[in-house]
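Topology and contacts: notes
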Amino acid sequence: MGKVEKGCDCRVLHEDIVKLFKKGFNQNPILFKLADFFHILSDNTRISILSVLDQNEICVSDLASILNMTKSAVSHQLRELKDAKFIKCEKKGKEIFYSYASDEVRDIFELALSHISKTL
């Protein structure tokens, strides 16, 4: 039989800790932005796009072919990622290539991927 963990059964309120965090904690705009950030990562198609971009910059047509999706559907997901500042685009001739907007976004993706890989 597996180990059963109990929740906190203390009756003591640690007022100093509660006061420290309670003041404005629920209205912190940075935490709302962080929730939005992780919401963007909650879509399988967007994760697939980021996985491809982790290897190379790419245009919509190639990405649509890789993902077996229409260019319109891929463009919609790219717009979501671009609006959230996960990716950027650069026009090269008649083509537009997409890549990560920053090393930090790439690092977060790779760190999460590493964590998940270790749990399998």
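Note: the structure precedes this text.
Here's what I pulled together on the structure shown here.

Some remarks on the nonpolar core
When a protein is soluble and globular, its nonpolar side chains tend to lie buried together. Among the nonpolar cores identified, the biggest contains 21 residues, and Leu 50, Leu 63, Leu 78, Phe 86 and Ile 87 are the most heavily contacted of them. For Leu 78, the residues in contact, after removing those within four places along its chain, are Ile 49, Val 60, Leu 63, Ile 87 and Tyr 98.

Comments concerning a negative patch on the surface
Taken together, the side chains of Asp 103, Glu 104, Asp 107 and Glu 110 present a region of like negative charge at the surface. With respect to the helices and strands, the residue Glu 110 is situated in helix α6 (residues 103-119).

A closer look at the packing of aromatic side chains
Applying the stated criterion across every chain yields a total of three aromatic pairs. Taking the centre distance of 4.6 Å and the plane angle of 25 degrees together, the rings of Phe 37 and Phe 86 count as stacked. Pair noted here: Phe 37 is in helix α2 (residues 29-40) and Phe 86 is in the loop between α5 (71-83) and β2 (87-92), with a separation of 49 residues, a long-range link. Assigned by exposure class, Phe 37 and Phe 86 land together as buried. Aromatic pair Tyr 100 and Phe 109: ring centres 6.5 Å apart, planes at 50 degrees, arrangement tilted. In textbook terms, an aromatic cluster arises when at least three aromatic residues are bridged by ring pairs, as seen for Phe 37, Phe 38 and Phe 86. When the ring centre of Phe 97 is taken as reference, the NZ or CZ atom of Lys 92 above it lies at 5.3 Å.

Side note on the sheet that holds strand β1 (residues 58-59)
Pairing between sheet strands relies on hydrogen bonds along the backbone, with the strands arranged either parallel or antiparallel. The three strands are arranged β1-β3-β2 in an open sheet whose pairing can be described as antiparallel. Bordering the open sheet on either side are β1 and β2, each of which pairs with just one other strand. Pairing between β1 and strand β3 (residues 95-100): two bridges, direction antiparallel. Paired with Ile 58 across the strands is Tyr 98, a residue of β3.

Some remarks on the pairing of β3
As paired strands, β2 and β3 are joined by six bridges and run antiparallel to one another. Within the sheet, the bridge partner assigned to Lys 92 lies in β3 and is Glu 95. In textbook terms, the turn of a hairpin is the stretch between consecutive antiparallel strands, and for β2 and β3 this stretch comprises two residues, one of which, Gly 93, has a positive phi near 65 degrees.

Section: the packing of helix α3 (residues 44-53) against helix α4 (residues 60-67)
One way to put it is that α3 packs onto α4 with a least axis distance of 11 Å and a crossing angle of 115 degrees. Like other packed secondary-structure pairs, α3 and α4 cross with a definite hand, here right-handed. On α4, the residues that touch Ser 48, Ile 49 and Val 52 of α3 are Leu 63, Ile 66 and Leu 67. Class assignment for the residues of the contact of α3 with α4 results in five nonpolar, one polar and no charged.

Some words on the pattern of salt bridges
Pairing is possible between side chains of opposite charge, provided their charged atoms come close. This model, assessed by the stated rule, comprises two salt bridges. Arg 106 is paired through a salt bridge with Asp 54; the nearest N and O atoms lie 3.3 Å apart. Taken together, the positions of Arg 106 in helix α6 and Asp 54 in the loop between α3 and β1 put the pair 52 residues apart, joining distant regions of the chain. Note on Asp 54: relative accessible area 15%, which makes it buried. With a shortest N-O distance of 2.5 Å, Glu 57 and Lys 92 are connected by a salt bridge. In this pair, Glu 57 is assigned in the loop between α3 and β1 and Lys 92 in strand β2, connecting sequence segments 35 residues apart.

Rules of the game
Residues numbered from 1 in each chain as written. Predicted model: local features only at pLDDT ≥ 70, side-chain atom pairs only at ≥ 80, totals over all residues. Heavy atoms only, no water. Core = buried A, V, L, I, M, F, W, Y, C linked by side-chain atoms within 4.5 Å. Buried < 20%, exposed > 50% of the residue type's maximum accessible area, 1.4 Å probe, protein only. Contact = heavy atoms within 4.5 Å. Patch = residues over 30% accessible without salt bridge, like charges linked within 9 Å, V, L, I, M, F, W, Y side chains within 5 Å. Areas by Shrake-Rupley, 256 points an atom, 1.4 Å probe, with all protein chains shown as cover. Salt bridge = Lys/Arg side-chain N within 4 Å of Asp/Glu carboxyl O. Lys, Arg positive; Asp, Glu negative; His and termini not counted. Charge placed at Lys NZ, Arg CZ, Asp CG, Glu CD. Helix = DSSP H or I, 4+ residues; strand = E, 2+ residues; numbered from the N terminus. Phe/Tyr/Trp six-rings, centres within 6.5 Å; stacked < 30°, edge-to-face > 60°. Lys NZ or Arg CZ within 6 Å of the ring centre and 35° of its normal. Pairing = 2+ DSSP bridges. Axes fitted to C-alpha atoms, helices over the stretch in contact; angles between N-to-C directions. Left-handed = near helix turned anticlockwise from the far one by under 90°. Nonpolar A, V, L, I, M, F, W, Y, C, P; charged D, E, K, R; others polar.

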